[in-house]
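# Summary of structural features
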Amino acid sequence: MRVYLAALIVATMVTTTCAATPPAQPKPVSEKQHKPKKKQSRIWYAAQWNLVTQHNPAFAAAYSGPNSFMNIAGTATSSVETLFLGIRLTPRLEFLYDEETSAGSGLSGTVGLAGFPNLDAVRAGGGPALTAAPYPARGMLHWNLGLGGGQIENTPNFLELAQRLDRRRLEFYLGKMSLADFFDTNDYANSDHQQFLNWTADNNGAWDYAANTRGYTYAGYGEYDDGPWTLRFAEALMSKLPNQEFLSLNLPVFRAENAEADWNYAAKSNGTIRVLFFDSHAKMGSFVNALAAWRAGRTLRPDVNAVAIPASEYGLAANWQQAVGADLGVFARVGWNDGAQESYSYTAVNNALETGVQVGGQLWGRKKDHAGIAIMSNGISRVHQQYLAAGGLGFQLGDGGLSYGREQIEELYYNLHVWRWIAVAPDVQFFNNPGYNRARGPLVVYGLRVHVEK
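Note that the coordinates shown come from a computational prediction; the quantities given were computed from them, not determined experimentally. (Residues numbered from 1 in each chain as written. Predicted model: local features only at pLDDT ≥ 70, side-chain atom pairs only at ≥ 80, totals over all residues. Heavy atoms only, no water.)

### Overview of the side chain of Asn190
Counting through the fold element by element, Asn190 comes out in the loop between β7 (168-177) and α2 (199-202). Aside from chain neighbours lying at most four places away, what touches Asn190 is Asp184, Thr185, Gln195, Asp202 and Arg333. (Helix = DSSP H or I, 4+ residues; strand = E, 2+ residues; numbered from the N terminus. Contact = heavy atoms within 4.5 Å.)

Written as structure tokens, this is what we have:
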């Protein structure tokens, strides 16, 4: 069935692409495209609601552990509502604020998979009830310094209120933000509200970016745009404990540096390459030290929490996007981190590969629809494998043992525009070696997303 579905979608894409006329420009879909209520106003606002329901049938598993994805049938629903607000204080200075409510949970308590099937589960409150107290998601000052070079059009959005921007410019942000809004972006795989749902489809799984459990941090961010080139840098806070809510102000120990260079080598066909370097610092547990303490009898099982000391995790990530023909976009990601320390903020991936396509519905007369397919391959370092095989636990994985195999994932979705502000997207994801374990799976997750934005 998996091969049939993938072949059907690819065949549809190829057929419709060959029949298309070339002049139209691909229309990337991104959460950054909210339109203003009043174009001339100093105040911009928008709202969105994203509801994701997913179900997995029972699957085979030779054994299970504390952090295993449960091999019985399961259903989970998450809900995220966001109110976006922007105020232009001066022509160059803006205040950007989001109020967010999130509730529900991911399948199996949001554990057991490195490439988890619902990115909104990061923000979900962890309980079954679809009610939760609102909290401030983003709150930033944004300063834009134009340096000339002509101007480009911009649709005001939750990160940038100006309608025209200098092609050459400096931009600075200070406050609470998500680093994933700025780094590792990709027009075809970047938003679980419009595109793919999997964690490692919309973000590079090997980029263990600084964030609390809901995906936000406090940071200072700077960007220099100069035509086809963009340079970015951010200094951000890390959480006090792995994947926890509270961030630390102890900068000598808890901080993260992120630097990225973008090259828009083919503006007319949306061709861009991005290369990211990151270095995250916190009290982290080394897999080698955890195994040594266990073998010496100091712990009942390998435990990275028992050997946590100030350390760093560093890595590289890159992504590529390119329009092909009238309404087809292809993309790819590759990522690596050193894999010596525990996965701290995002997910348990030490090396990642991803490729896929997005096709616009105008090719079959549905110009507001689009569909996508992504193929992901996630892996972990040798010492990380040894830690899990010996019964060690991370905040996300731990079957009590491990028969290692790369976690292979395919995801397919179709985003159907229903009416004005409403879109519905059926989604299916296939997992081989869930949680890197050949003794479990394969696993299938069926999903349905309802998205409303105004």
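There's plenty left to go through after this.
### So, unusual backbone geometry
For the bond running from Gly441 to Pro442, omega is 5°, close enough to zero to count as cis. The topology assignment puts Pro442 in the loop between β17 (422-432) and β18 (443-453). One non-glycine residue, Tyr436, lies in the positive phi region at around 65°. Within the secondary structure, Tyr436 is located in the loop between β17 and β18. Given a relative accessible area of 0%, Tyr436 falls into the buried group. (Buried < 20%, exposed > 50% of the residue type's maximum accessible area, 1.4 Å probe, protein only.)

### A closer look at the nonpolar core
In terms of nonpolar packing, the biggest core is built from 57 residues, with Tyr173, Met177, Leu179, Phe182, Phe183, Trp207 and Met238 touching the most fellow members. Per-element accounting of this core gives the leading share, four residues, to strand β11 (residues 271-284). Sequence-distant contacts of Trp207, that is, excluding residues within four places in its chain, are made with Leu179, Ala180, Phe183, Asp184, Asn258, Leu276, Phe278 and Tyr346. Membership of the second largest hydrophobic core comes to 18 residues, among which are Leu291, Ala348, Val349 and Tyr436. (Core = buried A, V, L, I, M, F, W, Y, C linked by side-chain atoms within 4.5 Å.)

### Things to note about a nonpolar patch on the surface
Together, Trp229, Trp263, Tyr265, Ile273, Val275 and Trp320 line one region of the surface with nonpolar side chains, adding up to about 540 Å² of accessible area. Going through the elements one at a time, β10 (255-266) and β11 are the ones with two or more residues in the nonpolar patch. Tracing the backbone shows Trp320 in strand β12 (residues 309-324). (Patch = residues over 30% accessible without salt bridge, like charges linked within 9 Å, V, L, I, M, F, W, Y side chains within 5 Å. Areas by Shrake-Rupley, 256 points an atom, 1.4 Å probe, with all protein chains shown as cover. Salt bridge = Lys/Arg side-chain N within 4 Å of Asp/Glu carboxyl O.)

### Some details on the pattern of salt bridges
Within the structure shown, the criterion is met by 16 salt bridges. Note that Arg169 and Glu171 form a salt bridge whose closest N and O atoms lie 2.7 Å from each other. Overall, the relative accessible area of 1% leaves Glu171 in the buried class. Between Glu257 and Arg255 there is a salt bridge, with its nearest N and O atoms 3.0 Å apart. The class for Arg255 is partly exposed, based on a relative accessible area of 23%. Here the salt bridges do not stand alone but share partners, grouping Glu223, Arg232, Glu260, Asp262 and Arg274 into one network.

### Notes on the side chain of Thr200
Here Thr200 shows up in helix α2. A distance of 2.8 Å separates polar atoms of two side chains, one belonging to Thr200 and the other to Asn198. Separated by 3.4 Å, the side chains of Thr200 and Asn378 make a polar contact. Non-local contacts of Thr200, meaning those with residues more than four positions away in its chain, are made with Ala114, Gly115, Gly205, Tyr346, Thr347, Val349, Glu354, Met376, Asn378 and Ile409. (Polar contact = N/O pair within 3.5 Å; in protein donor to acceptor, adjacent residues only side chain to side chain.)

### A word on helix α3 (residues 287-295)
Within α3, the full set of buried residues consists of Phe287, Ala290, Leu291 and Ala293. The arc that holds every buried residue of α3, seen down its axis, measures 160°, which confines them to one face. Looking at the packing, one finds that the buried side of α3 touches α4 (382-389). For α3, the N-terminal cap is Ser286; the gap from its side-chain oxygen to the backbone nitrogen of Val288 is 3.2 Å. Backbone geometry just downstream of α3 places Gly297 in the positive-phi region, at approximately 85°. (Arc of directions from axis to C-beta.)

### Observations regarding α4
Buried within α4 are the following residues: Val383, His384, Gln385, Tyr387 and Leu388. If you follow the buried residues of α4, they end up packed against α3. In the segment just after α4, Gly391 is the residue with positive phi, at about 100°.

### As for the packing of aromatic side chains
In the structure shown here, the tally under the stated rule is 23 aromatic pairs. Seen from their ring centres, Trp44 and Phe84 are 6.5 Å apart, and the 55° between their planes marks the pair as tilted. Taken together, the residues span a long stretch of sequence, with Trp44 in strand β1 (residues 43-56) and Phe84 in strand β2 (residues 74-88) at a distance of 40 residues. Take Trp44: its relative accessible area is 3%, and that puts it in the buried class. Measuring from ring centre to ring centre gives 6.2 Å for Phe183 and Trp207, while their planes differ by 65°; the resulting arrangement is edge-to-face. Of this pair, Phe183 sits in the loop between β7 and α2 while Trp207 sits in the loop between α2 and β8 (217-226), and the two are 24 residues apart along the sequence. What makes Phe183 buried here is its relative accessible area of 0%. An aromatic cluster is built from Phe116, Tyr173, Phe182, Phe183, Trp199, Trp207, Tyr209, Tyr221 and Tyr346, whose rings are joined through pairwise contacts. Above the ring of Tyr135, the side-chain terminus of Arg214 is found at 4.2 Å from the ring centroid. Taking NZ or CZ as reference, Arg449 lies 6.0 Å from the ring centre of Tyr413, over its face. (Phe/Tyr/Trp six-rings, centres within 6.5 Å; stacked < 30°, edge-to-face > 60°. Lys NZ or Arg CZ within 6 Å of the ring centre and 35° of its normal.)

### Remarks on the environment of Tyr224
Positionally, Tyr224 belongs in strand β8. In the structure, Tyr224 is positioned 77 residues away from Leu147 in sequence and 10.0 Å away in space, judged by C-alpha atoms. Tyr224 has contacts with Leu147, Arg168, Arg169, Leu170, Trp229, Thr230 and Leu231, leaving out every residue within four places of it along the chain. At 3.1 Å, the side chain of Tyr224 and the side chain of Asp226 are in polar contact.

### Thoughts on the confidence of the model for the protein chain
The predicted coordinates should not be examined in detail at positions where pLDDT is low. The predicted model of the protein chain averages 89 in pLDDT, with 89% of residues at 70 or higher. Contacts for the low-pLDDT stretch residues 1-38, under 50 throughout, to residues beyond four places or in other chains number 79 contacts. In the predicted structure, residues 125-130 sits below a pLDDT of 50 and forms 14 contacts with residues beyond four places in sequence or in another chain. (pLDDT = per-residue confidence, 0-100.)

### Some thoughts on the pairing of β18
Every regular strand shows the same layout, with side chains that alternate between the two sheet faces. Two elements, β1 and β18, share eight bridges in a ladder whose sense is antiparallel. Among the inter-strand pairings, Gln54 is bridged to a residue of β18, identified as Gly447. As paired elements, β17 and β18 share 10 bridges and run antiparallel to each other. Considered in β18, the bridge of Ala425 is made with Arg449. (Pairing = 2+ DSSP bridges.)

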